[in-house]
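This is what each chain is made of:
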Amino acid sequence: MSSPFDILVVGGGINGAGIARDAVGRGLSVMMVEQDDLAAHTSSWSTKLIHGGLRYLEYYEFRLVREALLERERLLAMAPHIIRPLRFVLPHDVSIRPAWLVRLGLFFYDHLAPRKRLPGCERINLASDRRGAPLKPLTKVGFEYSDCAVDDARLVVLNALDAKERGAIVEVGTRLESARREGKLWVATLKDASGATREVRAKVLVNAAGPWVADVLNHRLGLNTSKGVRLVKGSHIVVPRLYEGTQAYILQNPDKRIIFAIPYQDDLTLIGTTDVPYTGAPQDVAISDDETDYLISSINHWFKREISRTDIVWDYSGVRPLFDDGSINASAVTRDYVFDIDAPEGQAPLLSVFGGKLTTYRKLAEHVMRDLAPHIPGLKPAWTAEGTLPGGDIPDGDADRYAADLLKRKPFLGADRARRLVHTYGTRVEAIAGGARSAEDLGRDFGGGLTEAELRYLKSAEWARTARDVLWRRTKLGLKLPKEAAAEIDAFLNSI
Ligand SMILES: Cc1cc2nc3c(=O)[nH]c(=O)nc-3n(C[C@H](O)[C@H](O)[C@H](O)COP(=O)(O)OP(=O)(O)OC[C@H]3O[C@@H](n4cnc5c(N)ncnc54)[C@H](O)[C@@H]3O)c2cc1C
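Parameters and conventions
- Residues numbered from 1 in each chain as written.
- Predicted model: local features only at pLDDT ≥ 70, side-chain atom pairs only at ≥ 80, totals over all residues.
- Heavy atoms only, no water.
- Helix = DSSP H or I, 4+ residues; strand = E, 2+ residues; numbered from the N terminus.
- Rg over C-alpha atoms; globule rule 2.2 N^0.38 Å.
- Buried < 20%, exposed > 50% of the residue type's maximum accessible area, 1.4 Å probe, protein only.
- Contact = heavy atoms within 4.5 Å.
- Areas by Shrake-Rupley, 256 points an atom, 1.4 Å probe, with all protein chains shown as cover.
- Lys, Arg positive; Asp, Glu negative; His and termini not counted.
- Charge placed at Lys NZ, Arg CZ, Asp CG, Glu CD.
- Near = heavy atom within 4 Å.
- Polar contact = N/O pair within 3.5 Å; in protein donor to acceptor, adjacent residues only side chain to side chain.
- Nonpolar A, V, L, I, M, F, W, Y, C, P; charged D, E, K, R; others polar.
- Phe/Tyr/Trp six-rings, centres within 6.5 Å; stacked < 30°, edge-to-face > 60°.
- Lys NZ or Arg CZ within 6 Å of the ring centre and 35° of its normal.
- Core = buried A, V, L, I, M, F, W, Y, C linked by side-chain atoms within 4.5 Å.
- Salt bridge = Lys/Arg side-chain N within 4 Å of Asp/Glu carboxyl O.
- Pairing = 2+ DSSP bridges.

Caption draft 1: Main features of the overall build of the protein. Scanning the protein from N- to C-terminus turns up 13 helices and 18 strands. For the protein, whose C-alpha radius of gyration is 23 Å, the value lies close to the compact-globule estimate of 23 Å for 496 residues. With respect to the three principal axes, the spread of C-alpha positions in the protein is 70 × 60 × 40 Å. In the protein, which comprises 496 residues, the proportion classed as buried is 59%. Expressed as a percentage of contacts within the protein between residues at least 6 apart in sequence, the contacts between residues at least 24 apart total 71%. Entry remark: accessible area of the protein is about 20100 Å², with carbon and sulfur atoms responsible for 52%. Mean positive and mean negative side-chain charge positions of the protein (67 and 65 charges, respectively) differ by 3 Å.

Shown next as structure tokens:
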């Protein structure tokens, strides 16, 4: 029998992928299993922000906000191809929050953690400033502050890719069916997409199953835990671009919640999110009529250009797997992460992850390793604060300049495709287009500039198995291509 892994990670969302990368970089042997596709669940249904979380200050989550603010610039430096700075305009509404409270929050936002690249907060007159132009004249007082936007699914894929390149085994379409302790080892039964099962052994089990964290504990491992997960649904709608400009808006609602309107995919606006308690199966989550109406009415309250259901080109929902801290209000449940370690004397340890944010995944992984250190003799020190994710080694982190240079070298790509490829793959674009001297060298174009060369790369390097993996996670070309393209992409992926 092959030797046991040091760590078996269950779940290929951002937390599982981040933990696998951190662990393998410390010299451990690591396996990560994901039952569906990488980022198939919560990690691709987010608001796609790398942010401090201004609103969490109202819930006194200073530790979380400080850690998240620090991570913004670090992650931006690690992955400048998939993360971009964004300015957020906050129109003030005195009936919801006093101006002094907003100013205090923004002061903390600027000063809780040092900033290098991101500019600080600014007060703006919405009546005279171009950033006020798309809004109804409800208030003159506005503020602007910085955060970042991220391609959430790609953040997961790049962490998994880096983990693989450092030696981790990453398997998609592979479910942890069950696991039992045999002394100091876990014996895990894995089931792959064909239904075949096999056993692997590991010294440590990490349960990063997101919304399934309790399912893994209770049903796959047969353990009972006092810690609970609270599922809170959040939904988004996407409409044709609502306004000119690169800024996002953070809109306050009468229920004191906020929603964002964010420029998305060049010609769209992403709007969300909601906070609704959820008790169904995580995979069945979908936007409700009430959520759609809530998002539409918030936009129509603030923006001159009103929207209706017929404007919606895409919607999506996810469930936040939050740590159950006993809060009554879904919006108030802590967004911080909590670990549960089960390590009976002389037996193999188990660590379960509750909660977390995309923004804090790297620190979460460091903290996982810190808490596992007593169980892993000779663990190497933390290392992920430096360096880049695959494709992120772009000179000066300037992805737009890199795309312009690529276009000069390969004019046949066209400006839109060069830009899309660089903002998806960074310097790894060379693995797709590096050898090509003409458009024909990239093979057939399935639409939107998605070619055979890109599909070959996605299948061989990034675990893409289906059109859905390609169109809705590795890229967002599903928003651009006609529905029929999916069948052709599936056929091509099956043929290679
Ligand atoms: C609406 C919404 C908006 C959000 N917006 C933001 C934001 O803007 N910024 C931010 O920083 N954070 C945001 N978050 C939070 C962030 O998205 C989540 O904290 C994060 O994605 C959780 O990642 P995860 O890895 O824990 O879970 P997941 O991404 O759900 O990954 C868990 C994985 O485990 C797999 N799995 C489960 N059971 C098994 C098994 N038995 N065997 C194998 N695999 C298994 C699942 O298939 C799943 O893919 C948002 C969340 C939501 C819901």
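Caption draft 2: Just the site of the ligand, in detail. Close to the ligand lie 38 residues; E34, S43, L49, G356 and T359 are nearest. Between an oxygen atom of the ligand and a side-chain N or O atom of N15, the distance comes to 2.9 Å. In isolation the ligand offers 1000 Å² of accessible surface; the protein chains occlude 98% of this area. Those elements that provide at least two residues to the shell around the ligand are α1 (14–25), β8 (174–182), β11 (229–240) and β16 (314–323). Its residues placed into classes, the shell around the ligand shows 13 nonpolar, 19 polar and six charged.

Caption draft 3: Geometry of the packing of aromatic side chains. Taken as a whole and judged by the stated rule, the model has 16 aromatic pairs. Ring plane angle 50 degrees and centroid distance 5.6 Å describe the contact between F446 and F492, whose orientation is recorded as tilted. A residue pair is termed long-range when its members are at least 10 positions apart, and F446 in the loop between α10 (429–433) and α11 (452–461) and F492 in helix α13 (residues 485–495) qualify at 46 residues. Take F446 and F492: they sit in the same class, and that class is buried. Taken together, W45, W314, Y316 and W472 form an aromatic cluster joined through their ring pairs. R63 extends its terminal NZ or CZ atom over the ring of Y337, reaching a point 5.3 Å from the ring centre.

Caption draft 4: Spatial organisation of the nonpolar core. By size, the foremost hydrophobic cluster in this structure holds 115 residues, and its most contacted members are I7 and I489. Here this core takes eight residues from helix α4 (residues 152–165), the largest share from any one element. The contacts of I489, once residues within four sequence positions are left out, are F446, L450, L455, A467, L471 and L481. Within the second largest apolar cluster, 23 residues are counted, among which are L8, M31, V33 and L217.

Caption draft 5: Quick peek at the pattern of salt bridges. Enumeration according to the criterion identifies 48 salt bridges in this entry. Three or more residues are tied together by salt bridges with common partners; here these are D37, R465, D469, R473 and R474.

Caption draft 6: Expanded view of the pairing of strand β12 (residues 248–252). Across the five residues that make up β12, a large majority, five, are buried. Residues A248, I250 and Q252 of β12 are buried on one face, and the alternating residues Y249 and L251, pointing to the opposite face, are buried as well. Two strands pair when backbone bridges link them, and strand β4 (residues 83–91) and β12 are joined in this way by two bridges, in the parallel orientation. Pairing of F88 across the sheet is with A248, part of β12. Relative to strand β13 (residues 258–264), β12 runs antiparallel, the two being bridged by four bridges. Residue pairing across strands places I250 opposite F260, the latter belonging to β13. Where β12 hands over to β13, the hairpin turn is made up of five residues, of which K256 adopts a positive phi near 75 degrees.

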